[in-house]
Structure formats: C-alpha cells, structure tokens
Amino acid sequence: VLSAACSGRLTEDWRQQRGITGTINASELPGGWQRRPLKETCEKFQYGSSAKSGKTGKVPVLRMGNLQNGEIDWNDLVYSSDAEEIKKYELPPKTVLFNRTNSPELVGKTAIYRGERPAIFAGYLIRIQHGPESNPEYLNYCLNALEFKEYCSQVRTDGVSQSNINARKLAEYGIPWCPVEEQREIVRRVEALFKLADQVERRVSAAAARADKLTQSILAKAFRGELVP
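As the structure is a prediction and not an experimental result, all values here were calculated from the model. Every chain begins its residue count from 1, and numbering advances along the sequence as written. Under the rules for a predicted model, residues below a pLDDT of 70 receive no local features and side-chain atom pairs below 80 are neither given nor counted, while totals for whole chains, interfaces and linings still include all residues. Side-chain measures were taken over the full set of non-hydrogen atoms in the model, leaving aside hydrogen atoms and water.

Asker: Explanation requested: the overall build of the protein chain in the structure shown.
Answerer: A run of H or I in DSSP becomes a helix once it reaches four residues, and a run of E becomes a strand once it reaches two; helices and strands are each numbered from the N terminus. Helices and strands together make up the secondary structure of the protein chain, namely eight helices and 14 strands. Here the C-alpha radius of gyration of the protein chain, 22 Å, is well above what a compact globule of 229 residues would show, namely 17 Å. With respect to the principal axes defined by its C-alpha atoms, the protein chain has extents near 75 × 55 × 35 Å. The rule is simple: take the accessible area with a 1.4 Å probe, protein chains only, and divide by the maximum for that residue type; under 20% is buried, over 50% is exposed, in between is partly exposed. Every one of the 229 residues in the protein chain was classed for burial, and the buried ones make up 42%. Residues are treated as being in contact if the distance between any of their heavy atoms lies within 4.5 Å. Of all intrachain contacts in the protein chain linking residues separated by at least 6 positions in sequence, the fraction that spans at least 24 positions is 72%. Surface summary for the protein chain: the accessible area is close to 13000 Å², and the carbon and sulfur share equals 52%. We treat Lys and Arg as the positive residues and Asp and Glu as the negative residues; His and chain ends play no part in the count. Charge coordinates come from a single atom per side chain, which is NZ of Lys, CZ of Arg, CG of Asp or CD of Glu. Treating the 33 positive side-chain charges of the protein chain as one cloud and the 28 negative ones as another, the clouds have centres 4 Å apart. It is over C-alpha atoms that the radius of gyration is taken, and the globule rule equals 2.2 Å times the number of residues to the power 0.38. Using a 1.4 Å probe, the Shrake-Rupley method yields the accessible areas, and only the shown protein chains count as cover for residues.

Asker: In this structure, what is going on with the packing of aromatic side chains? I would like to understand it.
Answerer: Where two aromatic rings form a pair, the distance of their centres and the angle of their planes describe that pair. The rule is short: rings of Phe, Tyr and Trp, with Trp giving its six-membered ring, pair when the centres are within 6.5 Å, and they are stacked under 30 degrees, edge-to-face over 60, tilted in between. Inspection of every chain in the model, using the stated rule, returns seven aromatic pairs. Ring geometry for Phe-148 and Tyr-173: centres 4.8 Å apart, planes at 70 degrees, overall edge-to-face. With a gap of 25 residues between them, Phe-148 in helix α6 (residues 146-155) and Tyr-173 in the loop between α7 (167-171) and β14 (174-177) connect regions that are remote in the sequence. Like Phe-148, the residue Tyr-173 is buried in the burial classification.

Asker: Just checking my understanding: could you explain the nonpolar core for this structure?
Answerer: Most often, soluble globular proteins have nonpolar side chains that are buried together. To form a nonpolar core, buried Ala, Val, Leu, Ile, Met, Phe, Trp, Tyr and Cys residues must be joined to one another through side-chain atoms within 4.5 Å. In terms of nonpolar packing, the biggest core is built from 34 residues, with Leu-38, Phe-98, Ile-128, Leu-139, Leu-143 and Phe-148 touching the most fellow members. Going through the elements one at a time, α1 (2-5), β7 (95-99), β11 (125-130), α5 (136-142), α6, α7, β14 and α8 (180-223) are the ones with two or more residues in this core. In this view, Leu-143 contacts Leu-38, Val-96, Gly-108, Thr-110, Ile-128, Phe-148, Lys-149 and Tyr-173; residues no more than four positions away in its chain are not counted. Among the nonpolar cores identified, the runner-up in size contains 18 residues, and Val-59, Ile-120, Phe-121 and Leu-125 belong to it.

Asker: Is there a simple way to explain α6 in this structure?
Answerer: One turn of an α-helix holds 3.6 residues; hence residues three or four places apart share an orientation. Those residues of α6 lying buried are Phe-148, Tyr-151, Cys-152 and Val-155. All buried residues of α6 project into a common sector of 100 degrees when viewed along the axis, lining one side. Away from its buried face, by an angle of more than 90 degrees, α6 presents the exposed residues Leu-146 and Gln-154. Check the buried side of α6 and you find it contacts β7, β9 (110-113), α5, β12 (157-158), β13 (163-164) and α7. As used here, the arc is the angular range of directions from the helix axis to the C-beta atoms.

Asker: Could you clarify how one ought to interpret the pattern of salt bridges in this entry?
Answerer: Where charged atoms from two side chains of opposite charge come close, those side chains can pair. For this document, the term salt bridge refers to a Lys or Arg side-chain nitrogen within 4 Å of an Asp or Glu carboxyl oxygen. Within the structure shown, the criterion is met by 14 salt bridges. With a closest N to O distance of 3.2 Å, Glu-40 and Arg-36 form a salt bridge. Taking relative accessible area as the criterion, Glu-40 reaches 47% and is therefore assigned partly exposed. Residue Arg-188 is joined to Glu-185 by a salt bridge in which the shortest nitrogen-to-oxygen separation is 2.7 Å. Of this pair, Arg-188 and Glu-185 both sit in helix α8, three residues apart, roughly one helical turn. Residue classification places Arg-188 among the partly exposed residues on the basis of a relative accessible area of 47%. We classify Glu-185 as buried; its relative accessible area is 13%. Salt bridges linked by common partners bring Asp-13, Glu-185, Arg-188 and Arg-189 together as one network.

Asker: Mind showing me how you'd approach the sheet that holds strand β10 (residues 120-121) here?
Answerer: Sheet strands pair via backbone hydrogen bonds, and the direction of the pair is either parallel or antiparallel. By definition, two strands form a pair when at least two bridges between them are found by DSSP. The strand order across the open sheet built from three strands is β6-β3-β10, with neighbouring strands paired in mixed fashion. Because the sheet does not close on itself, it has two edges, and the strands there are β6 (78-80) and β10. Of the strand pairs in this sheet, strand β3 (residues 59-62) and β10 are connected by two bridges, and their pairing is parallel. The partner of Val-61 across the bridge, within β10, is Ile-120.

Asker: Looking at this model, I keep getting lost on the side chain of Glu-185. Mind explaining?
Answerer: Side chain to side chain, Glu-185 and Arg-188 meet in a polar contact 2.7 Å long. Reaching out from Glu-185, the side chain makes a polar contact with the side chain of Arg-189 at a distance of 2.7 Å. The contact partners of Glu-185, leaving out residues within four places of it in the chain, are Thr-11 and Trp-14. Two N or O atoms count as a polar contact when they lie within 3.5 Å, although within protein this holds only if one can serve as hydrogen donor and the other as acceptor, and sequence-adjacent residues are included solely when both atoms are side-chain atoms.

Read these as spatial facts, not as claims about activity.
See the structure below:
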C-alpha cells in the first residue's frame, strides 16, 4: 500500500478524473509529481533533548522505542519535569519523528505524533517540522515506505553496535512529492486500506482460532474411536 501511495499508482484514477496526464513506470513519476529533497518541503530538523529522564514526571519523553510501525507507542515511557526542556522540545500535533540512532536494521524508524497527550522527544530522535507544501501524514507514509528504508541503509554510518543517520542526510532524501491536494487524497485512501487490512487480520485470527479448536475436537474424537464406529 505504501509503495503504491508514494509512487502515484494509488491515485492514478484520481488524476485521470482531473485531466492530469502522465505515465508511471519504475523510474518515472506521474504527471504533477517530482522528486524534491526534504529540505525543500520541510522547515526544520531538530535534535531532541539530551537531559536525563526519570520514571515519573510532568511530561513523557518519547524515545526510539516509542516509534513503532509509523505510530507512537505510549508504553514504556520516561518523563521530564524540567520546565526549560519541556518548553524547548514540546511537540506540536502532527509532528513527524525520525529515529537517527539505532541498530543497523532499525535506524531510520519514523512515526507521527498526533498530539494525543503533551510530550517532548529525546536526543536519538529528530523532529521534522513540515512546511505548507507537505502533508505530515503523507510525509510519515513516505518515510515508512520501502524506498526510504533502502535509502537509510545506503547513507547510514555504522558503528560497533549502532548506526547513525544525521539531519543533513535526512534532509537530502528526495521524497516523491505531489501537490498537497493529492497528498490529502493519498492519506484518505491509505487510511481506508489500512482499516480494511485490520478487519481482514482480525477475521483471519478469529478463523485460525476456530480452526485450531476444530482440529483439537477432531483429534479427541479420533482417539476415542468415534471417527470409525
């Protein structure tokens, strides 16, 4: 879904309805699209707080473990009560967070903070402040697509146990950009498809549980001799 969303395939019919022409292939973006560095469509790349956090406090401090599958995981939190730190690193809603330091396979994780509760962010994260030409939800989808994961693997700097991608390399990534109106349509379609996928997953899990019970029932009958009276 994310690959189709960030290549223009997902909204091909939407463009046709508006008379926007252009073909899509492996190396060419559709009409109205272009590849633009993040530094052109985003206004700021800010490193997080390096202050020590505690198990209790006024405001949660989001860390790399809180970025999961493009969303914020509100488990395993630490906190800060430092007024100066809270003011400096307070997150506005619809902020995209990028994990700049982690293991080689996890560095580059990205998630969106939607303002569920007040929070600040730790030093291993980078806050991406989007500009007027960038929808934050679309930005988050693009930075969770396979294409960006491959970019991260190419530009990361590997250490003994951790890898790093600094703000400069992040800002140079050429995001597949389209007008904001189409970005909003892409977000709407992706959300609908993800909702459908969740429904399918729940049905599959329920069916698997029923099948497991059925298998156990058949085996029980078999060993009681009830299958071959």
